[in-house]
Amino acid sequence: MMRGQASTAAGFPIRIYRGGDDADLPPAVFVNGCALTSELWEPVIERLAGRQWLAFDRPGLTTPLGSNANVRGLRALNTHVKILEELAASFDRPVVLVVHSMGAIHAEALARTRPEVVAGIVLVDPSVEPNVRRALPAGLAAWVGQLKHRAKLSALGGRIIRGGSTLATRLSREQLPQNAHPVSVRGSALEWLHFRPHANAAVELRARHGLPKIPVRALLAPPRLDGLTEIWVGAASYDAQLYDDARHLLMLDYPDAVARAIATL
């Protein structure tokens, strides 16, 4: 069972997990999908063979978010880039970013703006947003931000995110972990509301910052994502593999494949 501890990054509350002792390989930094927590990476982490690694739960998911200023700050993609940059900088060498779903947006932004801290990227069924689209009103996120981070709501959020055979069937062939930290309804809702602003900011960022020459590995679940190659064109090497019977939580369905992709970087 993974055991994290409350911490901060870029001034925001997070839950952080660390392990591994092999200082010769680039450390792996795991970046979660929208409203998901780090326990989903546990089957992959078990296969890293000593490589140093770090995973974290974004602000407000398993730690109290705090002030309304924090809520407003999380709407900006740059906030998440700063959090990821600070965590990567906790190692003394560039890191491999292992990212799922919405985490690909944050990792791409870091790679384009701070390429010196990124040794490579493993995309695990990433989100692909090639064009700017209309976002939900910022006021809606502000209203959700007024919700209190109460224990009862947190427990409910945990059951919603990780519980039930329907969700497990839709997102993975494997059962979701039952030992995950309770997830805040407030934090989960904010992540969903912030997805579009983050995606739009990433589209605009591509026009200003080229992609660094880093290796990129993509592991995809059906349907194959249109536009993915176009986003990552320019990488030193790009390799994509489609797993026909995988679902969105591909790290649970194919942890060995994800670990092998990390090992190539």
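Being a predicted model, the structure only gives us computed values, none of them experimental.

A. Main features of helix α3 (residues 77-88). Here α3 spans 17 Å end to end across 12 residues, near enough to the 16 Å set by a 1.5 Å rise per residue. Three or more residues of α3 are buried, namely L77, T79, H80, V81, I83, L84, L87 and A88.

B. Spatial organisation of the sheet that holds strand β7 (residues 215-220). Here we have 8 strands laid out as an open sheet, ordered β1-β2-β4-β3-β5-β6-β7-β8, and mixed in their pairing. Strand pairing shows two members of the sheet lacking a second neighbour, β1 (5-9) and β8 (237-242), which therefore form its edges. Mean inter-strand twist for the sheet, computed between neighbouring axes without regard to direction, equals 25°. As paired elements, strand β6 (residues 118-126) and β7 share 4 bridges and run parallel to each other. Residue pairing across strands places I121 opposite V216, the latter belonging to β7.

C. Spatial organisation of the packing of α3 against helix α4 (residues 103-113). Relative to each other, α3 and α4 sit at 75°, their axes nearing to 9 Å. By the angle class used here, α3 and α4 are roughly perpendicular. Of α4, the residues touching α3 (which contributes L77, H80, V81, L84 and E85) are I105, H106, A107, A109, L110 and T113. Of the residues in the contact of α3 with α4, the class split is 7 nonpolar, 3 polar and 1 charged.

D. How the structure looks around the pattern of salt bridges. For the structure shown, the criterion picks out 7 salt bridges. Linking R93 and D92 is a salt bridge whose minimum nitrogen-to-oxygen distance equals 2.7 Å. On the basis of relative accessible area, D92 is assigned to the exposed category, the value being 70%. A salt bridge links E108 to R206, with the nearest nitrogen and oxygen atoms 2.6 Å apart.

Cut-offs and rules
Residues numbered from 1 in each chain as written. Predicted model: local features only at pLDDT ≥ 70, side-chain atom pairs only at ≥ 80, totals over all residues. Heavy atoms only, no water. Helix = DSSP H or I, 4+ residues; strand = E, 2+ residues; numbered from the N terminus. Expected span 1.5 Å × (residues − 1). Buried < 20%, exposed > 50% of the residue type's maximum accessible area, 1.4 Å probe, protein only. Pairing = 2+ DSSP bridges. Axes fitted to C-alpha atoms, helices over the stretch in contact; angles between N-to-C directions. Parallel < 35°, antiparallel > 145°, perpendicular 65-115°, else oblique. Contact = heavy atoms within 4.5 Å. Nonpolar A, V, L, I, M, F, W, Y, C, P; charged D, E, K, R; others polar. Salt bridge = Lys/Arg side-chain N within 4 Å of Asp/Glu carboxyl O.

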